[in-house]
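Observations on chain architecture
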Amino acid sequence: MLEILVIDDDMRMRQLIEEILTEEGHSVTAIGDSREAMLMLKERHYDLVVTDLKMPYADGMEILAYAKKINPECLVIMITAHGTIESAIEAIKKGAYDYIQKPFGPDQLLVLVQRAEGHIKLIHENKRLSEEVRSFTETGFIGTSRSIEKIKDLIEKAAPLDTTILIQGETGTGKELVARLIHKKSTRFQNTFLPVNCGALSEGILESELFGHEKGAFTGAMSRRKGLFETANGGTVFLDEINNTSPSMQVKLLRVLQENTIMRVGSSMPVPVDVRIVAASNTNLAEDAAAGRFRKDLFYRLNVVAVDISPLRERREDIPLLAHHFLNKYGKKFNKEISRFSPHAMEILSVYAWPGNVRELENVMERTVIMETSSEITPQSLPSEIRGEPPDPLSCIGLMTLDDMEKFLIQRTLRELEGQKNKAAEALGIDVSTLWRKIKKYNIE
Ligand SMILES: Nc1ncnc2c1ncn2[C@@H]1O[C@H](COP(=O)(O)OP(=O)(O)OP(=O)(O)O)[C@@H](O)[C@H]1O
Ligand SMILES: [Mg+2]
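To keep things clear, this report deals only with the structure shown in the data block. All figures in this text were calculated on a predicted structure; none of them were measured in a lab.

So, how was this worked out
- Residues numbered from 1 in each chain as written.
- Chains lettered and ligands numbered in written order.
- Predicted model: local features only at pLDDT ≥ 70, side-chain atom pairs only at ≥ 80, totals over all residues.
- Heavy atoms only, no water.
- 1 Å grid on protein atoms, 1.4 Å probe; cavity = no way out; pocket = protein on both sides within 12 Å on 5 of 7 lines; lining within 4 Å.
- Points joined across faces, edges and corners; volume = space filled by probe spheres on them.
- Helix = DSSP H or I, 4+ residues; strand = E, 2+ residues; numbered from the N terminus.
- Nonpolar A, V, L, I, M, F, W, Y, C, P; charged D, E, K, R; others polar.
- Domains from an automatic or database assignment.
- Buried < 20%, exposed > 50% of the residue type's maximum accessible area, 1.4 Å probe, protein only.
- Lys, Arg positive; Asp, Glu negative; His and termini not counted.
- Salt bridge = Lys/Arg side-chain N within 4 Å of Asp/Glu carboxyl O.
- Polar contact = N/O pair within 3.5 Å; in protein donor to acceptor, adjacent residues only side chain to side chain.
- Contact = heavy atoms within 4.5 Å.
- Phe/Tyr/Trp six-rings, centres within 6.5 Å; stacked < 30°, edge-to-face > 60°.

1. As for the layout of surface pockets
- Here the largest pocket is characterised by a volume of approximately 550 Å³.
- Of all the elements in the fold, those that place two or more residues in the lining of the largest pocket are helix 7 (175-184), strand 10 (236-240), helix 13 (319-333) and helix 15 (357-371).
- Partitioning the lining of the largest pocket into residue classes produces eight nonpolar, seven polar and nine charged.
- Residues from two domains meet in the lining of the largest pocket; each of domain 2 (150-309) and domain 3 (313-387) gives at least three.
- Quantified by volume, the second largest pocket comes out at close to 360 Å³.
- Mapped by element, the contributors of at least two residues to the lining of the second largest pocket are strand 4 (75-80) and helix 5 (106-136).
- Among the elements that make up the lining of the second largest pocket, the one with the highest residue count is helix 5 (seven residues).

In structure tokens form, the structure reads like this:
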């Protein structure tokens, strides 16, 4: 049901419209004096204004400007007389939702109002999602799907307990975000959170990074150096990509977990450390352990609490919320007033497979916000690979005529097929005599 204000100085017309729209279940106020209408607009909230264009006192254009000033979300449908299409277009340019030409039948009006109602619903839905997103930004971990709710619950329970936590999920699903959240909600929150990418460093470097080294432990070890475990004392160490550690590294990590001590490279003196370990893997570590790719004992030690983050394609209900979250984020960053998604654009985002998960969605939203020139995210501003369209084969060529195009295609086909006319004609889907004619026409060598 919509709150509608009908303004028309023609009494019969306005009564007719009031009747049609009331019959549909809308709450309608009809008024003949446009100055009075302006007072009403100020007094009450209207979703939709249906106004005549030509009226004494304030005309439709003035009503339009005023209604939009009071409430930018209010939709205005302009009633125009036959033959005044220019003023109708002018009204649309100034922000009218649509126009309808006199004389019109009840159905014509109803179709228009129904469409407006869909539009208003969409605005409300977008607003609701934006607000919901705002209420989430406290943690920054967005999602209402069952699997995300379960993870939030698990974080609340396990974060303060100081246990080791293993986070698993495909690339870009938010493993590091979850690790940081665990640290924030733990008793260690005032101390360091230290991420270490185990997959990016060679074994030797990783070992001395993590455990430190004594002076002279290896060539180039000029002095004694503390490792990350010691630096993070009292805090949390995030061992990212732990699935990519070597077997001997796994033994050393097991020791840290079992005994809470480390040994600096070049020393056999255990040094006690107080760190919480949160580890992440982008493979299924249980499978890796079963297949002998990862130490079973280390796996069990890590897997005290397991957080498994589902890929985005398995929790598509989170996509609209995440998309709004990133729209807010990048809208602010790039100073753009984009407040919503067109239904088609949102549908495209909702059905895409997202192999790069949330990170990919974030990157797409960043690019899209930069590209978008209207106040709404439209399919045209989405990258073509997301829209599922094949890349434009001619994107590298500028404007050309159809004749140029034909000549270009024939030349290219002949070149590819080393001048064999029969094969070229077949590839082009024409017969050889036609090909000969075109070769002559275009002067092709
Ligand atoms: N549920 C979520 N809510 C909000 N932002 C998210 C969410 N999940 C992921 N992100 C964002 O997506 C990006 C990628 O997340 P993150 O770096 O935590 O992924 P990852 O699982 O560690 O990926 P990788 O395995 O490639 O290292 C980050 O910018 C992160 O803030
Ligand atoms: Mg990561």
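2. Some thoughts on empty space enclosed by the protein
- For the structure on display, the rule yields one cavity of 30 Å³ or more.
- Estimated volume of the largest cavity: approximately 60 Å³.
- Considering the residues around the largest cavity, the lining is formed by His 45, Tyr 46, Asp 47, Asn 71, Glu 73, Cys 74, Ile 120, Ile 123 and His 124.
- For the lining of the largest cavity, the residue count by class is four nonpolar, three polar and two charged.

3. Focus: the side chain of Asp 47
- Examined against the element boundaries, Asp 47 turns out to sit in the loop between helix 2 (34-43) and strand 3 (48-52).
- Salt bridges are absent for the buried Asp 47, whose nearest opposite-charge side chain, Arg 44, sits at 8.5 Å.
- Polar side-chain contacts of Asp 47 include one of 2.8 Å to the backbone nitrogen of Glu 3.
- Sequence-distant contacts of Asp 47, defined by excluding residues within four places in its chain, comprise Met 1, Leu 2, Glu 3, Glu 73, Cys 74, Leu 75, Ile 120 and His 124.

4. A word on the packing of aromatic side chains
- Under the counting rule described, the total for this entry stands at five aromatic pairs.
- With centroids separated by 5.6 Å and ring planes inclined at 20°, the aromatic side chains of Phe 211 and Phe 229 adopt a geometry described as stacked. Of this pair, Phe 211 sits in helix 8 (residues 203-211) while Phe 229 sits in helix 9 (residues 228-231), placing them 18 residues apart in sequence.
- A relative accessible area of 3% places Phe 211 in the buried class.

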